[in-house]
Amino acid sequence: MKHILIVEDELKLACLQADYLKNAGFNTTCLSNGLEVLSWLKINATDLILLDLMLPDRDGLDVCRDIRSFSLVPIIIITARIEEIDRLLGLELGADDYICKPFSPREMVLRVKAILRRIEVQTNPVINSLLKLAPDSFRVSSGEQAIELTSVEFWLLQALYDQPGRIFSRSKLMDLIYQDQRIVCDRTIDSHIKKLRKKLLDLLPEQELIHSVYGAGYRYEPRKRVIE
Ligand code: CA
């Protein structure tokens, strides 16, 4: 049974989270104070942490940094402000996902499951060998098939592909691919991603590789395409 650590100082909310996770088949532990988290993690193991940002004694951002100094355990940050997400991504905290308050507990359970599934995907060598990227020719191949990308499309794919599951904001992607500080707008990234997705679909029609994350950016995560 997988274990989830809930770090939340609002007792009622923490209980609600725990109830839903237990019903979904998880073990849980609730901590209400940022300071307790590190000492708890040094003697206990968990599969994922739900971390509220507004905590007494030690701020959630600091707790996240503390954890990342010694552990790669998946972290979902919970924040009350959606407009904060872009800033949080920019801080490079190493969190795996973000949930905005107020949230539906059902949605929270789905996000937890998605992250845990993603971890399995990342450690699955079959899925990880789906693509081969050739930087000298901007070609991407899968088995015998290959497609040609533009340089921008290639570097976008390379950035996302190198860190599967990680959310990249549009501004982060712009920084990565336009080193010459050219002035480009968010829409430019969107249109490159759109073309890139279309080409990847020609290569692997059954896979959805690049996903947009509402209000946040893009992530690479191979998933079987659902035909609707
Ligand atoms: Ca709080």
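Structure: see above.
Residues numbered from 1 in each chain as written. Predicted model: local features only at pLDDT ≥ 70, side-chain atom pairs only at ≥ 80, totals over all residues. Heavy atoms only, no water.

Tallying each qualifying case throughout the model produces 13 salt bridges. Here arginine 65 ties to aspartate 62 by a salt bridge, and the two come within 3.5 Å at their closest N and O atoms. Of this pair, arginine 65 and aspartate 62 both sit in helix α3 (residues 60-68), 3 residues apart, which is roughly one turn of that helix. We classify arginine 65 as partly exposed; its relative accessible area is 39%. The exposure class of aspartate 62 is partly exposed, given its relative accessible area of 28%. Ionic pairing is found between aspartate 97 and arginine 111, a salt bridge with its closest N-O pair at 3.1 Å. Of this pair, aspartate 97 sits in strand β5 (residues 97-100) while arginine 111 sits in helix α5 (residues 105-122), and the two are 14 residues apart along the sequence. For aspartate 97, a relative accessible area of 4% corresponds to the buried category. Each of Glu8, Glu10, Asp52 and Lys101 takes part in one network of salt bridges that share partners. (Salt bridge = Lys/Arg side-chain N within 4 Å of Asp/Glu carboxyl O. Helix = DSSP H or I, 4+ residues; strand = E, 2+ residues; numbered from the N terminus. Buried < 20%, exposed > 50% of the residue type's maximum accessible area, 1.4 Å probe, protein only.)

Turning our eyes to something else, we now look at the sheet that holds strand β6 (residues 132-134). Taking strand neighbours across the sheet as the criterion, the 3 strands line up as β6-β7-β8 in an open arrangement whose pairing is antiparallel. Of all strands in the sheet, those bounded by a partner on one side alone are β6 and β8 (145-148). Geometrically, the sheet is characterised by an average inter-axis angle of 20° between neighbouring strands, direction not taken into account. In this sheet, strand β7 (residues 139-142) lies alongside β6 in antiparallel orientation, the contact comprising 3 bridges. Within β7, the position partnered with leucine 133 by the bridge is valine 140. (Pairing = 2+ DSSP bridges. Axes fitted to C-alpha atoms, helices over the stretch in contact; angles between N-to-C directions.)

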